[in-house]
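What the coordinates show
So you can see what is in the structure, the chains are spelled out below.
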Amino acid sequence: MSGKRVALVLGSGGARGYAHIGAIQVLAERGYEVVAVAGSSMGALVGGLLAAGKLEEYTEWVTSLSQRDVLRLLDPALTGPGAIRLERVLARMSEILDGALIEDLPIPYTAVATDIGARREVWFTSGPVDVAIRASVAIPALITPIMVNGRLLVDGGVLNPVPMDPVIGVDADLTVAVNLSGEKGRPPGTPTRESSAQRPPTEWLDRFLKGASGVWENDFVASILARFGKGHNAEDDTAAPAFEPPPPGLGIADVTAMSLDTMGALITRYRLAAMPPDVLVSVPGDAAKAMEFHRAEELIALGRTLTEAALDEARRDGLDEAGAVPALESAPVGDVP
């Protein structure tokens, strides 16, 4: 593979975004130079730190955090439009960035947020890096939105989970995108026909177990097995309710994150079909829950493994980065329709 200049696109996906760090490490080790970076949500956070030359310091910090440390940092809000204010994390991130401005960064950088009033993307291409990141990571119902210049801004992944558009026209040998909502089983958007009538457990228990991994808590899976598993008497089905209640301990944050992941996977599928990268690193959507920020080391390692595999596959396919990216008009800056 001959080309070494990379336009890097980092997707949204909460804590799975730590995989971006592993991807960046592999690119550096293999001699690739990132010449532009765009990101949504955690992709904007990691991309901004990379562009500012501060990613190593951030990585040292997050890999030192225990689950208890993360819970203390999340700064829950008792009232308001989000469950978490994130001010403590933002303060540490701002300290690391030390007042960096997007227009002064050594690597061109775009953070994507969503203006939910105007229903459009906002591309931050100038101004304080930490403010752009804070806007982009505001997961609806989880992390409180912020106002910037009269715009009510939430997570960039709401409209553009893997923002390829900002790097169109960049003078690079290839584009590398990291998608944090990789498919598991049936592709998102493919309908499943089902009856609303309660069916015997023998017809659906195996399907449930295959889909439960990485989604439901162990106590809910155990409760289902206890009720419907081996030894269940089919005659008792008549007394059972027509549907199951939600899993024990399932909160608003879980439902919101899972819903956004489902929506984001479908949006990503269609947007990448229209604008595919040269190399796609696909992190499974069930690799971690959105708020599992204490799993940094594990997810960084996963990002490394998947990026190495994607680059090796591209090499086997004979991808020539020097001619991989066609010359296109420069992407717009600021607001996009």
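Reading guide: rules and limits
Per chain, residues are indexed from 1 in the order of the written sequence. Whole-chain, interface and lining totals are the exception, using all residues; otherwise, since this is a predicted model, local features are given only for residues with pLDDT of at least 70 and side-chain atom pairs are given and counted only at 80 or more. Hydrogens and water are ignored here; the side-chain numbers use all heavy atoms of the structure. Think of it in three bands: with a 1.4 Å probe and only protein chains considered, a residue is buried below 20% of the maximum accessible area for its type, exposed above 50%, and partly exposed in between. Secondary structure elements are taken from DSSP: a helix is a run of H or I of four residues or more, a strand is a run of E of two residues or more, and numbering for both begins at the N terminus. Paired strands, as defined in this entry, are two strands with at least two bridges between them according to DSSP. What counts as a salt bridge is simple: a side-chain nitrogen of Lys or Arg found within 4 Å of a carboxyl oxygen of Asp or Glu. Pairing of aromatic rings covers Phe, Tyr and Trp, the last counted by its six-membered ring, and requires centre-to-centre distances within 6.5 Å; plane angles under 30 degrees mean stacked, over 60 mean edge-to-face, and any other angle means tilted. By definition, being over a ring means that NZ of Lys or CZ of Arg is both within 6 Å of the ring centre and within 35 degrees of the ring normal.

1. Let's talk about helix 6 (residues 129-136)
- Burial analysis of helix 6 places seven of its eight residues in the buried class, the great majority of the element.
- Every buried residue belonging to helix 6 is among V129, D130, A132, I133, R134, A135 and S136, and all of these are buried.

2. Quick notes on the pairing of strand 10 (residues 279-284)
- Only one face of strand 10 is covered, namely the face carrying V279, V281 and V283; the face carrying L280, S282 and P284 is uncovered.
- Across five bridges, the pairing between strand 9 (residues 174-182) and strand 10 is parallel. Bridged to V178 within strand 10 is V281.

3. Describing the pattern of salt bridges
- Inspection of every chain in the model, using the stated rule, returns twelve salt bridges.
- Across the pair E57 and R92 runs a salt bridge whose closest N-O atoms are separated by 4.0 Å. Note that E57 is positioned in helix 3 (residues 55-62) and R92 in helix 5 (residues 87-97), a separation of 35 residues in sequence.
- Residue class for R92 comes out partly exposed when judged on its relative accessible area of 22%.
- Of the charged contacts in the structure, one is a salt bridge between E298 and R295, with a shortest N-O distance of 2.4 Å.
- Look at the salt bridges and you will find they share partners, linking E29, R304 and E308 into a network.

4. A short note on the packing of aromatic side chains
- A complete count under the given rule lists two aromatic pairs for this structure.
- On the numbers, 6.1 Å between centres and 85° between planes, the contact of Y18 with F293 is edge-to-face. Taken as a pair, Y18 in helix 1 (residues 18-29) and F293 in the loop between strand 10 and helix 10 (296-316) lie far apart in primary sequence, 275 residues in all. For the residue pair Y18 and F293, the accessibility class agrees, reading buried in each case.
- Cation over ring: K4 sits above Y32, and NZ or CZ is 4.6 Å from the ring centre.

5. Brief notes about the pairing of strand 2 (residues 33-40)
- Most of strand 2 sits inside the fold, with seven of its eight residues counted as buried.
- Looking at chain direction, strand 1 (residues 5-10) and strand 2 are connected through six bridges and run parallel. Its bridge partner lying in strand 2, L10 is registered against G39.
- The pairing of strand 2 with strand 4 (residues 109-115) spans four bridges and is classified as parallel. Each residue of the ladder has a partner; that of S40, found in strand 4, is V112.

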